[in-house]
Each structure stands twice: as structure tokens, then as C-alpha cells.
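An overview of the molecular structure
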Amino acid sequence: MLNPVGQAISEAMKFSMRLEERRGSIQSFDIRRLESMACPQKGNYLMYLSKEMLVAEICRDFERFDKAAQSFLSQSVSWELAANMSMTALFAFSPDMAKMMARRALDMAPGNGEVISFASDIAWFAGDLPLCTELRKRHERLGEEMDKKLTDQDTRRILEDAGVTEGEYQDLVAGLHALLREHLSGAMRDRVRLHFDTQHHEDGSEGLVLEVLSDMDDERLDALDDAVLEYGSDTGRWGYDLCRITTFLVRDLPQSSAEGAA
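So, how was this worked out
- Residues numbered from 1 in each chain as written.
- Predicted model: local features only at pLDDT ≥ 70, side-chain atom pairs only at ≥ 80, totals over all residues.
- Heavy atoms only, no water.
- Helix = DSSP H or I, 4+ residues; strand = E, 2+ residues; numbered from the N terminus.
- Buried < 20%, exposed > 50% of the residue type's maximum accessible area, 1.4 Å probe, protein only.
- Contact = heavy atoms within 4.5 Å.
- Pairing = 2+ DSSP bridges.
- Axes fitted to C-alpha atoms, helices over the stretch in contact; angles between N-to-C directions.
- Salt bridge = Lys/Arg side-chain N within 4 Å of Asp/Glu carboxyl O.

Another point: the environment of Val228. With respect to the helices and strands, the residue Val228 is situated in helix α11 (residues 218-232). According to the relative accessible area criterion, Val228 is buried, its value standing at 1%. Residues Val228 and Glu211, 17 residues apart in the sequence, show an inter-C-alpha distance of 9.9 Å. Sequence-distant contacts of Val228, that is, excluding residues within four places in its chain, are made with Leu176, Leu179, Phe248 and Val250.

Dropping the structure here:
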């Protein structure tokens, strides 16, 4: 059972998730409510840091988020809070921070299926295939299956067949998150979802798909599309083989969509 501090932060995180789904209609009073829910006790540093992270993520103030997240990692927290904040970090397009928080939760609750599921999503959207493999094994030891939408085994095979390392793929994904930060800084009302998958063609060829969906206005979506396509086609940076097997897509986000991260 959560203590009063943990309970207050948990309720604030639930409200933050509701705001995530209705970004287009967020108002200043929603932010004030989130602040008061996360930090009702003045002088509690963990509440303060949680408030800073949650508000910064919703407001897409990435510098503020990173500062609070670094301090959060030095605190003694429950596995529940570490796991939940790992998802907040992913929503803030900070895959490395998300993985560190997920690892903290895994270290505290190594056999907890809920934590392993949280961490599996983090690993997938961070492009960390070795961590995906580790977590798949943990699922199996619990007699569970990993989410079928996480096609990490096919991804590893396609990379291996193309002569591309898992580290190179992870760097590519990390760079995509960084690029999204550039285009979304301060854009509180734009919803964004990520969808990573494999594709199999009739001629027998295979590849990877990294898809960004957003409901931002057409002009900004076109600018993001141009930037992502230029990023993904930079053979000088990523090498011919990784660019050849990877397709980047930027599309309009349907109003009913809730799939993927961020």
C-alpha cells in the first residue's frame, strides 16, 4: 500500500495521463491542478521533483524535465514510482532517462510482471534490443508472453541479416527522440504517438518502420516530415545498410488513436 506521499503522486500521475490524452484542450488551470495534486505538501523534495517532472512533461519544457529527472534518480523511491516515472520520461522523449528509471524499478521488483511489462515498453520505444531480450526471458520465467506488438525478435533478425548492429539501431532511435524534442519544445497541445514495427514485402524483403503520428497543424507536420526523412536518409551518419532497411513515416494522428508512446 502506498504511503500518503506516494498516493498523492500516484493520483497526480493518473491526472497527467488524462491530460496526455486531451492535450489539445489543456488550459492553464489544468497545469495548476496538476501542480497542486503532485505537491500538496510544501517542503517535501520528492513531491517537488515529481511535480516538476510531470508539469515539465505536459508543458514540453524538456530542460526543466531533465533537471528534475536527474535529481529524482538520486532519491530513494518505490518501484511503483520508478516504473511510472519511467513512462513519463518516455513521454518526454528521454529514452535513456526512461531506461534508468525502469532499471531502478526492475532492481527493486525483479519478478514483478507489472514492472517487467512497463520496462518492456520502455525498452522497445528506446530501441534497446538487448534489454528487450532480457525482459522477454523474464516474461518467460513468469510463464507470461511479451506484448505481441513488440516485434523485437524480428527486428534483431532483420538487423543481423543487413549487417547492422543493435547499437547502431539504438542510436538511430535515440536520435529520433532528440529530433522530436526539437520540434515539440513548448508545444503543449500537440499529441504525438510512436509506432515501431517490422514490414515484410511480397518479394521476400524485410525492413523496419519507425512511424511518428501527430495532430499538430499541417505546416508543422510537413516540417517535421521533412526533418525526419532527411534524418533517416543520412547514409553518411547511419550507413547505407541501416538507411536501406529503415522506413520513417510521419502521419496525421486520428482523433481516436491511443497507440504507442508519447
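Let us look at the pairing of strand β2 (residues 206-214). The element β2 is largely enclosed, with a buried count of eight among its nine residues. The hairpin formed by strand β1 (residues 192-200) and β2 contains five residues between the paired strands, and Gly204 there has a positive phi angle of roughly 95 degrees. As judged from the seven bridges shared by β2 and strand β3 (residues 246-252), these two strands associate in the parallel manner. What sits directly across from Leu208, in β3, is Thr246.

Moving on to the sheet that holds β3. What the three strands build is an open sheet, ordered β1-β2-β3; its pairing is mixed. Both outer strands of the open sheet, β1 and β3, are each paired with one neighbouring strand and no more. Strand-to-strand, the axes of this sheet are offset by a mean angle of 20 degrees, without reference to chain direction. Packed onto the sheet, helix α9 (residues 152-162) meets β1 and β2 and runs at close to 125 degrees relative to β2. The strands touched by α11 are β2 and β3; relative to β3, the strand with the most contacts, the crossing angle is about 175 degrees.

What follows is about the pattern of salt bridges. Taken as a whole, this structure holds 20 salt bridges when the rule is applied. When the shortest N-O distance is used, the salt bridge between Arg157 and Asp154 registers 3.3 Å. Residue Arg157 and its partner Asp154 are located together in helix α9, separated by three residues, close to a single helical turn. For Arg157, a relative accessible area of 31% translates into the label partly exposed. Here Arg191 and Asp215 are joined by a salt bridge, their closest N and O atoms 3.1 Å apart. Remark: Asp215 occurs in the loop between β2 and α11 and Arg191 occurs in the loop between α10 (166-184) and β1; sequence separation between them is 24 residues. When its relative accessible area of 4% is taken as the criterion, Arg191 is described as buried. For Asp215, a relative accessible area of 23% translates into the label partly exposed. Connected via shared salt-bridge partners are Asp154, Arg157, Asp161 and Glu206.

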